Amino acid sequence: MTSVNSESLNNIHLGINIDHAATIREQRKTTYPNLVDIVAAAERGGADGITLHLREDRRHIQDADVYDLKSIIKTKMNLEMAATEEMLAIACKVKPEDVCLVPEKREELTTEGGLDVLAQKDRLAEMCSEFNANGIRVSMFIEPAVDQIEASAEVGAGVVELHTGKYAELGGADREKELERLYQAASFAHSLGLIVNAGHGLEYENVIAIKDLPHLYELNIGHSIIARALMVGVESAVKEMKQIVE
Ligand code: PXP
């Protein structure tokens, strides 16, 4: 774990979230855009990993996508999911390199807030040991809060993904305060031996302050890159982000 974190000091991994490409496909139930082609273009652009969220309502990524993409992703798969028995079973079958446990509400537009690890420690500890036994690294998508970071370490997650959504939404002094909270959270998580990832709501400008989070290993970014891809194509959109975060 230490070697991963020290490597990250000069090489931030960029995970590309492709859910938004699947959303376009599912809106019309077409066969395009083809996610296999999207993944290949993202990897040509320098993606270090591909992130996808199999939601309980299957509004974008479908079960078949998870299986199909596992065999063609050359970098690594980070499968985001709710902490449910159904998702645990799927992950243990597919065996992505990483899973990221996220809170999920049916009515939300996108993932709102972080997972409350503290409130479900026993259940999450059981899930983590199952994932770990299957060789899958587990990340908890949490608010940058000391108690949630401690709980994540205690349940056996090797990774935390700090939720940058509030930082992205806020302005002025409030944004600065949230940034400070993220910086402190990143240092604290590292001091507990956790790998530090971050994501949500990041785009080509607001990522600049986030890429300097201490001990940052990986950023997961989707919406802004897929939107930029409408103008320049997936490969270039990823390349542009990669150049900023490197
Ligand atoms: N990380 C996690 C855990 C997420 O749930 C999401 C959104 O699906 C992202 C990163 C990417 O967020 P965005 O699409 O806003 O870049």
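This section reports on the structure supplied with the text.

Parameters at a glance
- Residues numbered from 1 in each chain as written.
- Predicted model: local features only at pLDDT ≥ 70, side-chain atom pairs only at ≥ 80, totals over all residues.
- Heavy atoms only, no water.
- Core = buried A, V, L, I, M, F, W, Y, C linked by side-chain atoms within 4.5 Å.
- Buried < 20%, exposed > 50% of the residue type's maximum accessible area, 1.4 Å probe, protein only.
- Contact = heavy atoms within 4.5 Å.
- Helix = DSSP H or I, 4+ residues; strand = E, 2+ residues; numbered from the N terminus.
- Pairing = 2+ DSSP bridges.
- Right-handed = clockwise from strand over helix to strand, strands pointing away.
- Polar contact = N/O pair within 3.5 Å; in protein donor to acceptor, adjacent residues only side chain to side chain.
- Axes fitted to C-alpha atoms, helices over the stretch in contact; angles between N-to-C directions.

**Concerning the nonpolar core**
Consideration 1: Grouped together as the largest cluster of nonpolar side chains are 71 residues, with contacts concentrated most on I18, F131, M140 and L219.
Consideration 2: Setting aside its immediate chain neighbours within four residues, I18 contacts L35, I38, V39, I50, T51, L52, I61 and L69.

**Describing the pairing of strand β4 (residues 98-101)**
Consideration 1: A two-sided burial pattern is seen for β4, the buried positions comprising D98 and C100 on one face and V99 and L101 on the other.
Consideration 2: Where strand β3 (residues 77-81) and β4 come together, four bridges link them in parallel fashion. Counterpart to N78 in the pairing with β4 is D98.
Consideration 3: Handedness of the β3-helix α5 (residues 85-94)-β4 crossover: right-handed.
Consideration 4: For β4 and strand β5 (residues 137-142), the ladder comprises four bridges, and the chain directions are parallel. Note on β5: the bridge partner recorded for D98 is R137.

**Thoughts on the side chain of E143**
Consideration 1: Its place among the elements puts E143 in the loop between β5 and α7 (146-154).
Consideration 2: Within the structure, the side chain of E143 is placed 3.1 Å from the side chain of K166, a separation counted as a polar contact.

**Section: the sheet that holds β3**
Consideration 1: Strand order in the closed barrel formed by eight strands is β1-β2-β3-β4-β5-β6-β7-β8, and the pairing between neighbours is parallel. Recorded for the sheet is a direction-independent mean angle of 25° between the axes of neighbouring strands.
Consideration 2: Pairing geometry for strand β2 (residues 49-53) and β3, over four bridges, is parallel. Bridging from a neighbouring strand, I50 pairs with M77 of β3.

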